[in-house]
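What the coordinates show
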Amino acid sequence: AQDQLVRTEKLSALGKLSASVAHEINNPLAGILTFAKLVSRTLAEGPPDDARRAVLQKNLALVEREAQRCSAIVRNLLDFARERPIQRKRVDVNAAIDEALSLIANQVAIQEIALVRELAPLPPVLADFGQLRQAFVNVAMNACEAMGKGGRLAITSRTRDGAVEIAIADTGPGIPPERLGHIFDPFFTTKEKGTGLGLSVVYGIVQRHGGTVTVDSAVGAGTTFVLRLPADQDADTTGPGQAA
Ligand code: ADP
Ligand code: MG
């Protein structure tokens, strides 16, 4: 097991990021160009008989797949780069966890993953509810993807030292030590269809909330991500129910 504290410089490598973005978008775009040309060529060959229709369908499906990939990359990038100040309200983190769990419920069911949910009563956190939910979804989806069929996904929340801690643990293959230092890098992925932006987004969200994210992983045993968010300082004086 190895504990990795994520560093701030990773977000400021703008030049490197731009180059990666150009590269990442360029690959599916090249695919779109190629398959679109094949569609044109097939149409130029003559009227769409059954054989030509099959070729058209195949190439259009490939255009669609590559366009969807571009779209996923751009969507993630927008999350990642979102500069607008977060909409801070007094938030119940457990509610954000529950919404995240319902968003991944389908995936959990399909993969027959055993879900363990242990949520302790928490002080409110000044946070953007939607962004927190996004962070939990991204980490939990990675956990599911790592485990394949079966396995156990445990989500725990607790209070410690004036902070709210959310632990998301899986029984997947774990992350080799040499890979651990890269998982928060934009576009780092080991998946054929991954964008490598999920954890970059998580990192950005947690950082904007003044929190931290750490990961503890053991090859062959599993991985645990811990997100720590400072509790609202005024919480005990103003009490719950008086939204900011
Ligand atoms: P993506 O999911 O698109 O690959 P992420 O930024 O979400 O991008 O994750 C980056 C990489 O970190 C993954 O490709 C995977 O190698 C590794 N990773 C993240 N979470 C886990 C996990 N729970 N178990 C094993 N590996 C993980
Ligand atoms: Mg991911």
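Cut-off values and rules
In this convention, every chain numbers its residues from 1, walking through the sequence in written order. Numbering of ligands from 1 and lettering of chains from A proceed in the order in which they are written. Note on the predicted model: pLDDT of at least 70 is required for a residue's local features to be given, and 80 or more for side-chain atom pairs to be given and counted; whole-chain, interface and lining totals, by contrast, use all residues. The exposure scheme places C-beta atoms from the backbone and then counts, for each residue, the other C-beta atoms within 10 Å of its own, assigning buried at 20 or more, exposed at 12 or fewer, and partly exposed in between. Counting from the N terminus, the helices are the DSSP runs of H or I reaching at least four residues and the strands are the DSSP runs of E reaching at least two. By definition here, a helix of n residues has an expected span of 1.5 Å times n minus one. For helices, the axis comes from a line fit to the C-alpha atoms of the stretch in contact; other axes are also lines fit to C-alpha atoms, and the angle between any two N-to-C directions lies between 0 and 180 degrees. Should the near helix be turned counterclockwise from the far one by less than a right angle, the crossing is left-handed, whereas a clockwise turn marks it as right-handed. Think of it this way: build a C-beta for each residue from its backbone, and any pair within 7 Å is a contact. Residues were grouped as follows: Ala, Val, Leu, Ile, Met, Phe, Trp, Tyr, Cys and Pro as nonpolar; Asp, Glu, Lys and Arg as charged; and all remaining residues, including Gly, as polar. Strands are treated as partners if at least two bridges between them are detected by DSSP. In these notes the angle categories are as follows: under 35 degrees is roughly parallel, over 145 is roughly antiparallel, 65 to 115 is roughly perpendicular, and the rest is oblique. Defined on buried residues, the nonpolar core groups Ala, Val, Leu, Ile, Met, Phe, Trp, Tyr and Cys residues joined through C-beta atoms within 7 Å. pLDDT expresses, on a scale from 0 to 100, how confident the predictor is about each individual residue.

A look at helix α7 (residues 198-208)
With respect to burial, α7 is a largely interior element, 9 of its 11 residues being buried. Along α7, the residues classified as buried are Gly198, Leu199, Ser200, Val201, Val202, Tyr203, Gly204, Ile205 and Val206. With its phi angle positive at about 70°, glycine 210 sits one or two positions after the end of α7.

Some remarks on unusual backbone geometry
If you check the backbone angles, glutamate 112 has positive phi at about 50° while not being a glycine. Residue position: glutamate 112 is located in the loop between α4 (93-110) and β3 (114-119).

A closer look at helix α5 (residues 129-147)
The first and last C-alpha atoms of α5 sit 27 Å apart over 19 residues, in line with the 27 Å expected at 1.5 Å per residue. With its phi angle positive at about 65°, glycine 148 sits one or two positions after the end of α5.

As for the packing of α5 against α7
At a minimum axis distance of 9 Å, the contact between α5 and α7 shows a crossing angle of 145°. In the packing of α5 onto α7, the handedness of the crossing is left-handed. Contacts between α5 and α7 involve Gln131, Gln134, Ala135, Asn138, Val139 and Asn142 on the former and, on the latter, Gly198, Leu199, Val201, Val202, Ile205 and Val206. Grouping the constituent residues of the contact of α5 with α7 by class yields 7 nonpolar, 5 polar and no charged.

Let's talk about the pairing of β3
A small share of β3 lies buried, amounting to 0 of its 6 residues. As paired strands, β3 and strand β5 (residues 152-160) are joined by 6 bridges and run parallel to one another. Its bridge partner being in β5, valine 116 is matched across the sheet by alanine 154.

Details of the pairing of strand β7 (residues 212-218)
With burial as the criterion, only one face of β7 is covered, namely that bearing Val213, Val215 and Ser217; the residues Thr212, Thr214, Asp216 and Ala218 on the opposite face remain uncovered. Hairpin connection from β7 to strand β8 (residues 222-230): 3 residues lie between these consecutive antiparallel strands, with glycine 220 at a positive phi of about 90°.

Section: the packing of α4 against α5
Helices that pack against each other are described as a pair by the angle of their axes relative to one another and the distance between those axes. Contact geometry for α4 and α5: axes closest at 8 Å, N-to-C directions at 40°. Here α4 lies oblique to α5, going by the angle between them. For the crossing formed where α4 meets α5, the hand is right-handed. Mapping the contact onto sequence places Val93, Ala96, Ile97, Glu99, Ala100, Leu103, Ile104, Gln107 and Val108 in α4 and Phe129, Leu132, Arg133, Phe136, Val137, Ala140, Met141 and Cys144 in α5. A breakdown of the residues in the contact of α4 with α5 according to their chemical character gives 14 nonpolar, 1 polar and 2 charged.

Things to note about the environment of valine 116
Structurally, valine 116 is set in strand β3. With 11 C-beta atoms counted inside 10 Å, the residue valine 116 sits in the exposed group. Separated by 38 residues in the primary sequence, valine 116 and alanine 154 place their C-alpha atoms 4.5 Å from one another. Leaving out residues up to four positions away in the same chain, valine 116 has contacts with Arg152 and Ala154.

Things to note about the nonpolar core
Core analysis: the largest hydrophobic core is formed by 41 residues, its most contacted members being Val93, Ala135, Phe136, Val139, Ala140 and Val202. When residues in this core are grouped by element, the largest group, 9 residues, is from α5. For alanine 140, the residues in contact, after removing those within four places along its chain, are Ala100, Ile104, Leu153 and Ile168.

A look at the environment of valine 206
By the secondary structure assignment, valine 206 is in helix α7. The contacts of valine 206, once residues within four sequence positions are left out, are Ala135, Gly211, Thr212, Val213 and Leu227.

Overview of the environment of glutamine 207
Within the element layout of this structure, glutamine 207 appears in helix α7. Judged by the 15 C-beta atoms lying within 10 Å of it, glutamine 207 falls in the partly exposed class. Sequence separation of glutamine 207 and arginine 228 is 21 residues, and the distance between their C-alpha atoms is 10.0 Å.

What to know about the confidence of the model for the protein chain
Of the residues in the protein chain, 85% reach a pLDDT of 70 or more, and the chain-wide mean stands at 86. This stretch, residues 1-13, has a pLDDT under 50; its non-local contacts, to residues over four places away or in other chains, come to 19 contacts. Taken together, the stretch residues 237-244 has pLDDT below 50 and engages in 7 contacts with residues farther than four places along the chain or on a different chain. Here the predicted complex scores 0.76 on pTM and 0.99 on ipTM.

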